[in-house]
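Topology and contacts: notes
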Amino acid sequence: MKKFFITIVTLLLTLGSNAQTAREEIRQDRLKACSNYMPYPGPQQKQLTKAPKGYKPFHLSHYGRHGSRYIIGMKGYNEPYEALLKADSLGKLTEKGKKVLGIVARARQDAMGRDGELTLLGAQQHRGIARRMYQRFPELFKGDTHIDAKSTIVIRCILSMENALLELTSLNPKLRFTHDASEHDMYFMNSQDKKVSEPFPKTARDIFNNYTQPLQNPMPVMNLLFNDMAYVEKSINANALTDRLFNLCADLENTELRHETSLWDLFSEEEIYNQWARKNAWWYINYGPSPLNGGIQPYSQKRLLNQIMHEADSCMSLKKPGVMLRYGHDTMVMPLACLLGVNEFGVQTEDLGKITDLGWRDYNIFPMACNFQFIFYRRHPGDKDILVKVLFNENEARLPVKTDCAPYYRWNDFKNYYKTKLDAFKMW
């Protein structure tokens, strides 16, 4: 009865976010509107469900996104800076516009030469994730356990990996590490197959535009920034400038400047929600299970899921399986979550207006440092009845795999379910 009660409580906690509308959640926490710029919130579930009697963790397999970063491409800073600077030279900025120009200039200077690089917050996020791994599963990090870590060849991912390893070293200096970042592993660490990841077709583009265009109104922001609307109409791409400023507003939350300044007061509550809703729909079509794009984008992570299963089986054959850590990108984590069907993120609908009510909200999927942890349990070495629990962003996840001990799943059932699913996909 106690186990049943814990399972029900866990399920209610997991479902709790969907009890509110996305609009209500963003009203309470505007960081959720940052979409893939959302800083990692940390685990919402403080107490994990105990394993079935006699089962103990013996292996951990992980894939995570790099931590908080600067905007990729200096255009994200230069375009709003240059547009506002020119307007200021012509006397076209309001006092608010001049203040915003100052903030943009500071953000641009802070990011200079740091294109897409990890921020201090990003490093701290991965130290925290590694520390909680160690604290939650101390059996896996005892003595001279071997930690095998891999990263993509992108510096923000490498530094995310190194910060995690530094944290683990500080907790147990006896740990043995191998760590690598090589083109050799990119075929599964950052797989972007063009057969799956083609731009969405015209029919989907039309539906996307019909949904998002009513959500795009740059004029309230333009009126705050400029004192001459004729100048705005003639010289400013209002939509592009508003979007750039919102992205910069979101990314500031990933830098140390968040302690000193902000651009949130440029946007009303409604505008913040609409900015997010447009991005949420874009991610759903481009990297989610949207039938508007054939519903095949999640299969871009076929190689990654196969590799996770293969490496887990290989590690289990070892006397001391150790820990496997992998560091990559949001464009891997999101489709992998949809491929696994975690927490119903595989939901499909052609109605973009319904996706949020169906629970497909990108801030629950891929904040900075988002991650999967596959925790394996057995009763003794040689035990063939192995269980796996999946933590998604450090919270227990629901899977579409049959089980009588959720959130634990029998490893053979897990493999059979996903191998059948992957084998049924014949694109390549």
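Below or above, wherever it landed, is the structure these notes cover. (Residues numbered from 1 in each chain as written. Predicted model: local features only at pLDDT ≥ 70, side-chain atom pairs only at ≥ 80, totals over all residues. Heavy atoms only, no water.)

1. Considerations on the overall build of the chain
Rules: Each helix corresponds to a stretch of at least 4 residues labelled H or I by DSSP, and each strand to a stretch of at least 2 residues labelled E; elements are numbered beginning at the N terminus. Here the radius of gyration uses the C-alpha set of atoms, whereas the globule reference equals 2.2 Å times the residue count to the power 0.38. With a 1.4 Å probe rolled over the protein chains alone, any residue whose accessible area is under 20% of its type maximum counts as buried; one over 50% counts as exposed, and the rest are partly exposed.
The helix and strand tally for the chain stands at 15 helices and eight strands. In terms of C-alpha radius of gyration, the chain reaches 23 Å, essentially the compact-globule figure of 22 Å for 428 residues. The principal-axis extents of the C-alpha atoms in the chain amount to approximately 75 × 45 × 45 Å. Counting every position in the chain, which comprises 428 residues, the buried fraction comes to 56%.

2. Examining unusual backbone geometry
Geometrically, the link from alanine 406 to proline 407 is a cis peptide bond, its omega value of 10 degrees lying close to zero. Locating proline 407 in the fold gives a position in the loop between strand E7 (395-396) and strand E8 (408-410). A positive phi angle is found at glutamate 344, which is not glycine, with a value near 65 degrees. Relative to the helices and strands, glutamate 344 resides in the loop between helix H14 (330-340) and strand E5 (371-378). Phi angles above zero are rare outside glycine, and alanine 369 is one such case at about 70 degrees. You can see alanine 369 is positioned in the loop between H14 and E5.

3. Details of the layout of surface pockets
Let me state the cut-off plainly: Buriedness of a pocket was judged along seven lines, with at least five required to meet protein on both sides within 12 Å; pockets are open sets of points on a 1 Å grid over the protein atoms alone, cavities are sets where a 1.4 Å probe fits but cannot get out, and lining residues have an atom within 4 Å of a point. Grid points are joined across faces, edges and corners, and a volume is the space filled by probe spheres set on the points. Only Asp, Glu, Lys and Arg are considered charged, only Ala, Val, Leu, Ile, Met, Phe, Trp, Tyr, Cys and Pro nonpolar, and every remaining residue, Gly among them, polar.
The space that makes up the largest pocket amounts to roughly 630 Å³. Asp243, Arg244, Asn247, Arg278 and Lys279 are, among the 25 residues lining the largest pocket, the residues nearest its centre. Looking at the lining of the largest pocket, the elements that each hand over two or more residues are helix H3 (75-89), helix H8 (202-212), helix H11 (238-252) and helix H12 (269-287). The element contributing the most residues to the lining of the largest pocket is H11, with six residues. When its residues are assigned to classes, the lining of the largest pocket shows eight nonpolar, ten polar and seven charged.

4. Side note on the nonpolar core
The following threshold applies: For the purposes of this section, nonpolar cores are sets of buried Ala, Val, Leu, Ile, Met, Phe, Trp, Tyr and Cys residues that join through side-chain atoms within 4.5 Å. When checking whether two residues touch, look at their non-hydrogen atoms; a contact exists if any pair is within 4.5 Å.
Core analysis: the largest hydrophobic core is formed by 54 residues, its most contacted members being Phe372 and Phe414. Here this core gets eight residues from one element, more than from any other, and that element is H14. Setting aside residues up to four positions removed in sequence, phenylalanine 414 forms contacts with Met309, Leu340, Phe374, Val388, Val390, Leu399 and Val401.

5. Digging into empty space enclosed by the protein
All told, the structure shown has one cavity of 30 Å³ or more when counted by the stated rule. Put simply, the largest cavity is a space of about 40 Å³. Together, Tyr70, Tyr77, Ala107, Asp110, Leu248, Asp251, Leu252, Thr255 and Leu257 line the largest cavity. Looking at the lining of the largest cavity, the elements with two or more residues in it are helix H4 (95-111) and H11. Broken down by element, the residue count for the lining of the largest cavity peaks at three residues, all from H11. For the lining of the largest cavity, a count of residues per class yields six nonpolar, one polar and two charged.

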